[in-house]
Amino acid sequence: MYDSIAHAVSKDHENGLWMLAKVGEKKHLERLADGALRFRRLSYYRQVENRGKALFDADEGLIAIYQPSVSEVTIDLPGVGKRAIKLSGPLTLRSNAPHSVFCLFAFEPGEWAEREITAVDLPNMLADITIPSAMEKYGDTVWVIHDAERFIDRVRRAVYKKRLVSYGQKVTYVELRKVQGKVPDDHVGFVKDATFSQEHEYRIRIDSSQALSEPFILHVGNLRDISGILPLKELRQSLSVHLPSVRKNAGKAD
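Fair warning: this is a prediction, and the values are worked out from it, not measured in the lab.

Draft legend 1. Spatial organisation of the packing of aromatic side chains. Going through the model one piece at a time under the given rule, you end up with 5 aromatic pairs. With a centroid separation of 5.2 Å and 70 degrees between ring planes, the pair formed by Phe 105 and Phe 107 is classed as edge-to-face. Assigned by exposure class, Phe 105 and Phe 107 land together as buried. When the centroid spacing of 6.1 Å and the interplanar angle of 85 degrees are considered together, the rings of Trp 143 and Phe 151 count as edge-to-face. Using a relative accessible area of 0% as the deciding quantity, one classes Trp 143 as buried. Members of the aromatic cluster, connected to one another through ring pairs, are Phe 39, Phe 102 and Phe 216.

Dropping the structure here:
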């Protein structure tokens, strides 16, 4: 039995963002910190010339997936009528709409938000919420946005000034071989296969009635007051989680 892809998306609850980050080369991250955000179309990430690069995803912009064991495709031939076609594998449909996205790494509690955490759990929790070493394929430097709320607000205001529409949310990771059906319109560009789950993406998608330039640069104003740039290894080594301290007399009756 396959799970409805819309149902799979609905089960992924939004938890509070702690911080946002972008891994890359320092010279590129400096431009981001100056407020020049570089958006790429969804179709860019599945272009053949990007095959083999860390950013490549053949299913980017997924709008529907149909599994061969439970789906039937028919073709209507003139003078012959309808004929069933047997699928040899999943049928995937991808969007050609001119959606442009800006991708970030999200520091957020994930499943830990709904779990009771003990001191024994801390190493596993830290491993889950930090940027994994595999992300070094994108670069050796990280731009960290320590005030996610103010950052998102500035982006929204910059988008509004250009009379565009934007959506911001976490990417939902699902096992595409286990789901089928349509992706809700407001989640197009926010659904990826589970093999990418370590990227912990938060995306901002801009929609426009006319295609934006490719890439599209959105100027949001200087962001250095709410962000910083440092080596990725330094961030990974310095990140820690501390349990709250407890007063010695806490819980004692007077």
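Draft legend 2. Spatial organisation of the side chain of Arg 203. By secondary structure assignment, the location of Arg 203 is in strand E14 (residues 201-207). Take Arg 203: its relative accessible area is 2%, and that puts it in the buried class. Engagement of the side chain of Arg 203 in a polar contact is seen with the side chain of Glu 60, the distance being 2.8 Å. Polar side-chain contacts of Arg 203 include one of 3.1 Å to the side chain of Glu 201. Those residues in contact with Arg 203 that sit more than four places away from it in its chain are Leu 42, Glu 60, Phe 102, Cys 103, Tyr 167, Gly 168, Gln 169, Val 171, Gly 189, Phe 190 and Lys 192.

Draft legend 3. Region of interest: the pairing of strand E4 (residues 62-66). Strand direction decides the pairing type here: E4 and strand E7 (residues 91-94), joined by 4 bridges, are antiparallel. Residue pairing in the sheet places Ile 65 in a bridge with Thr 92 of E7.

Draft legend 4. The arrangement of the sheet that holds E7 in detail. Taken in spatial order, the 4 strands of this open sheet run E1-E12-E4-E7, and their pairing is mixed. Here the strands that pair on one side only, and so sit at the sheet edges, are strand E1 (3-4) and E7.

Draft legend 5. Seen up close, unusual backbone geometry. With an omega dihedral of 0 degrees, the bond running from Glu 214 to Pro 215 counts as a cis peptide bond. Among the secondary structure elements, Pro 215 is positioned in the loop between E14 and strand E15 (216-219). At Arg 163, a residue that is not glycine, the phi angle is positive and equals roughly 60 degrees. Structurally, Arg 163 can be placed in the loop between helix H4 (148-161) and strand E10 (165-170).

Draft legend 6. View of the environment of Leu 230. As for its position among the elements, Leu 230 is in strand E16 (residues 227-231). Sequence separation between Leu 230 and Val 144 is 86 residues, and the spatial gap between their C-alpha atoms is 8.0 Å. For Leu 230, the residues in contact, after removing those within four places along its chain, are Thr 141, Val 142, Val 144 and Leu 235.

Draft legend 7. Structural view of helix H2 (residues 26-33). Taken as a whole, H2 has its buried residues at Leu 29, Leu 32 and Ala 33. What you see down the axis of H2 is that its buried residues fit within an arc of 95 degrees, all on one side. Structurally, H2 contributes buried residues whose contacts are with strand E2 (19-24), strand E3 (36-41), strand E8 (100-107), strand E9 (141-145) and E16. Remark: Gly 35 follows H2 within two positions and exhibits a positive phi of approximately 100 degrees.

Calculation notes
Residues numbered from 1 in each chain as written. Predicted model: local features only at pLDDT ≥ 70, side-chain atom pairs only at ≥ 80, totals over all residues. Heavy atoms only, no water. Phe/Tyr/Trp six-rings, centres within 6.5 Å; stacked < 30°, edge-to-face > 60°. Buried < 20%, exposed > 50% of the residue type's maximum accessible area, 1.4 Å probe, protein only. Helix = DSSP H or I, 4+ residues; strand = E, 2+ residues; numbered from the N terminus. Polar contact = N/O pair within 3.5 Å; in protein donor to acceptor, adjacent residues only side chain to side chain. Contact = heavy atoms within 4.5 Å. Pairing = 2+ DSSP bridges. Arc of directions from axis to C-beta.

Keep in mind these numbers describe shape, not what the thing actually does.
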